[in-house]
Structures are given as C-alpha cells and as structure tokens.
Amino acid sequence: MTVAENLHAIRQKLPDKVKLVAVSKTYPANVLMEAYHAGQRIFGENRVQEMVEKYAQMPADVQWHLIGHLQKNKVKYIAPFVSMIHAIDSTELLQVVNREAAKAQRTIPCLIQIHIAQEESKFGFSYPEAKEFFLNKPFSSLENIRIAGLMGMASLTDNPDQVRQEFKKLASFFNEVKSGPMHTETGFTELSMGMSSDYPIAIDQGATIIRVGSAIFKSSR
Ligand SMILES: *Cc1c(COP(=O)(O)O)cnc(C)c1O
C-alpha cells in the first residue's frame, strides 16, 4: 500500500468532524509530500528541531501540530508557526507558550495532556491535578493561548477493553469540564486521542482529533 492508499483507507473510516493528524516523525519531507499530494494538510511531529526543519521544507499551507513533550526553552522556535500544541503538561509551560505567542503576535491553541495510561510517565496532568487546574483557571489571564481541549495516550497493551476504558474515562472528563468550568469557552472543543493501533476505539469514544503515524507512513520505509 502506498502512503496515499493508506490515507484514503483511514479517511473512509473517519466521521466528518474528526480531524486526522498525520504523524510524520522520523520520515523525510519527500515522504510527507506523498501525503500532501493526497490532500493531507495537518502533520504532527514530536520533536521541535525536526518540526522546524520540515516546516522549512514543506509548503506553507501545512498545519503543524506539536504532539510530543515540549521543553520550555524550545517553545520560541515553534511559536511563530505552530497550529496546535497537544501536550501541555504544566501551567509553567503554558505561561511560556503565552509569552512566545505574544512575541509572535499570535494566539496558539493548546491541549492539556492528561495522563490516562497505566504506565508510569512523567508527563501529563493526573485527573485530580487537571480538575484543580480547570477550577482555578491559571490560564484566564493568558491572552495569547487558547485552551482548545484535552489530549491523552492509552496504555501500551494488547487489551482493547482496557484502551476503551481509558478513552471512555477521558471523554467523560472532557464532557464534564466542557459543561462545567469551561462552559463559557466556545473554543474548548477538541479531544485528541487514538493512534495507529487504537484510533477506531478512540473515534467510538468521541475523539475529535486522531494522531496516526505508522498506519500511514510505515509502508514507505
Ligand atoms: C508517535 C506518536 C503518535 C503516532 O503513533 P503511531 O503508532 O505511529 O500511529 C501519536 N501520538 C504521539 C504523542 C506520538 O508520539
């Protein structure tokens, strides 16, 4: 299967309102261009330097989503062009994004990463931390970011029931926040969950953005 065929196959399974981020990390720009020519415009990268390099190589109408852990000292490199940041895991990071976005005279949509997997991980808010975050709203004075929704990564497991439970819980928390503390924020709309191995489950559970890499690009190796 070519990259274009993989993309078409995935798009056929996507409800209209679900956006596909083509996760292109580790693949060179010529492979990304195969997806671009097949109509793909949203690309996801997990490393700042790699994203900056590809931004320079790819057409200007590509929307770049930073999906991986972001270090505060690297925000400045992507603030001028990034379309969405998926993995905000602290208020401090949000403040840095706000400052760099202001310098670039932009407003950057950001997703709050919630730690939903069983594995130990340094990254993402726990549910209790996230609850407190949305009650206290330490972002209410930050004018150059928009809290656009939530992001999560399920456990690395072969058990689809566990993955389903983790996505279900995240979706229910999303709806709770959306109708509760964020009910006046019309821009709080996105739920980013699901990758190559589990995106059909994520769509079932209410994902509005899926992040798919290997299922699109692997055959190009
Ligand atoms: C790599 C990555 C993906 C895509 O993973 P695939 O299994 O290749 O689809 C999605 N989200 C994040 C945060 C990633 O780092």
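Nothing here was measured: the structure is a model prediction, and the numbers come from that model. (Residues numbered from 1 in each chain as written. Predicted model: local features only at pLDDT ≥ 70, side-chain atom pairs only at ≥ 80, totals over all residues. Heavy atoms only, no water.)

### Here we look at the overall build of the protein
Inference 1: Each helix and strand counted, the protein has 9 helices and 8 strands in total.
Inference 2: Over its C-alpha atoms the protein spans a radius of gyration of 17 Å, differing by no more than 12% from the 17 Å that the globule rule assigns to 221 residues.
Inference 3: Principal axes of the C-alpha set define a box for the protein whose edges measure 50 × 45 × 30 Å.
Inference 4: When burial is assessed residue by residue, the protein has 52% of its 221 residues classed as buried.
Inference 5: In the protein, of all internal contacts separated by at least 6 residues, the share reaching a separation of at least 24 is 58%.
Inference 6: Of the roughly 10,800 Å² of accessible surface on the protein, a fraction of 49% belongs to carbon and sulfur atoms.
Inference 7: Of the side-chain charges in the protein, 25 are positive and 23 negative, and the distance between the mean point of each set is 3 Å. (Helix = DSSP H or I, 4+ residues; strand = E, 2+ residues; numbered from the N terminus. Rg over C-alpha atoms; globule rule 2.2 N^0.38 Å. Buried < 20%, exposed > 50% of the residue type's maximum accessible area, 1.4 Å probe, protein only. Contact = heavy atoms within 4.5 Å. Areas by Shrake-Rupley, 256 points an atom, 1.4 Å probe, with all protein chains shown as cover. Lys, Arg positive; Asp, Glu negative; His and termini not counted. Charge placed at Lys NZ, Arg CZ, Asp CG, Glu CD.)

### Points about the pairing of strand S3 (residues 63-66)
Inference 1: Where strand S2 (residues 42-45) meets S3, 4 bridges bridge the pair, whose relative direction is parallel. Along S3, the bridge assignment pairs Phe43 with Trp64.
Inference 2: A crossover links S2 with its parallel partner S3, the connecting element being helix H3 (residues 48-57), and its sense is right-handed.
Inference 3: The pairing of S3 with strand S4 (residues 84-88) spans 2 bridges and is classified as parallel. (Pairing = 2+ DSSP bridges. Right-handed = clockwise from strand over helix to strand, strands pointing away.)

### Topic: the site of the ligand
Inference 1: Inspection of the region around the ligand gives Val23, Lys25, Ile67, Met151, Met153, Met195, Ser196, Arg211, Val212, Gly213 and Ser214 as its neighbouring residues.
Inference 2: The side chain of Ser196 places a nitrogen or oxygen atom 2.5 Å from an oxygen atom of the ligand.
Inference 3: Interatomic distance of 2.8 Å between a backbone N/O atom of Gly213 and an oxygen atom of the ligand.
Inference 4: For the ligand, whose free accessible area comes to 390 Å², the fraction covered by protein is 85%. (Near = heavy atom within 4 Å. Polar contact = N/O pair within 3.5 Å; in protein donor to acceptor, adjacent residues only side chain to side chain.)

### Looking at the packing of aromatic side chains
Any aromatic ring pair is given by two values, namely how distant the centres are and how the planes are angled relative to each other.
Inference 1: Within this structure, the stated rule accounts for 10 aromatic pairs.
Inference 2: An angle of 55° between the planes, with centres 5.0 Å apart, marks the rings of Phe125 and Phe133 as tilted.
Inference 3: Given the relative accessible area of 4%, Phe133 is considered buried.
Inference 4: For the pair Phe134 and Phe139, a centre-to-centre distance of 6.2 Å together with 70° between the ring planes defines the contact as edge-to-face.
Inference 5: An aromatic cluster is defined as three or more aromatic residues linked by ring pairs; in this entry it consists of Phe125, Phe133, Phe134, Phe139, Phe174 and Phe188.
Inference 6: Its end group placed over the ring of Tyr36, Arg41 keeps NZ or CZ at 3.5 Å from the ring centre. (Phe/Tyr/Trp six-rings, centres within 6.5 Å; stacked < 30°, edge-to-face > 60°. Lys NZ or Arg CZ within 6 Å of the ring centre and 35° of its normal.)

### A few points about the side chain of Gln113
Inference 1: In this fold, Gln113 is placed in strand S5 (residues 108-114).
Inference 2: On the basis of relative accessible area, Gln113 is assigned to the buried category, the value being 9%.
Inference 3: Those residues in contact with Gln113, other than ones at most four positions away along the chain, are His86, Ala87, Ile88, Phe123, Gly124, Phe125 and Met151.

### A look at the pattern of salt bridges
Inference 1: Within this structure, the stated rule accounts for 7 salt bridges.
Inference 2: Between Lys19 and Glu190 there is a salt bridge whose closest N-O contact spans 3.1 Å. Pair noted here: Lys19 is in strand S1 (residues 19-23) and Glu190 is in strand S7 (residues 190-192), with a separation of 171 residues, a long-range link.
Inference 3: Of the residues examined, Lys19 reaches a relative accessible area of 33% and is grouped as partly exposed. (Salt bridge = Lys/Arg side-chain N within 4 Å of Asp/Glu carboxyl O.)

### Things to note about helix H1 (residues 3-12)
Inference 1: By the burial criterion, the buried members of H1 are Val3, Asn6, Leu7 and Ile10. Down the axis of H1, the buried side of the element spans an arc of 100°, and every buried residue falls inside it.
Inference 2: Check the buried side of H1 and you find it contacts S1, helix H2 (29-37), helix H8 (199-204), strand S8 (209-212) and helix H9 (214-217). (Arc of directions from axis to C-beta.)

### Observations concerning H3
Inference 1: Every buried residue of H3 is listed here: Val48, Glu50, Met51 and Lys54. Down the axis of H3, the sector holding all buried residues measures 160°, keeping them to one side. Opposite the buried face of H3, by more than 90 degrees, sit the exposed residues Gln49, Ala56 and Gln57.
Inference 2: Considering only its buried residues, H3 is in contact with H2, S2, S3 and helix H4 (75-78).

### Some thoughts on the nonpolar core
Inference 1: By size, the foremost hydrophobic cluster in this structure holds 70 residues, and its most contacted members are Phe43, Val97, Ile114, Phe134 and Leu150.
Inference 2: Per-element accounting of this core gives the leading share, 7 residues, to helix H7 (residues 160-179).
Inference 3: Setting aside anything within four residues of it in sequence, one finds Leu150 in contact with Leu111, Ile112, Ile114, Phe134, Leu170, Phe173, Phe174, Phe188, Glu190, Leu191 and Ser192.
Inference 4: Among the nonpolar cores identified, the runner-up in size contains 9 residues, and Ile67, Met84, Ala148 and Met151 belong to it. (Core = buried A, V, L, I, M, F, W, Y, C linked by side-chain atoms within 4.5 Å.)

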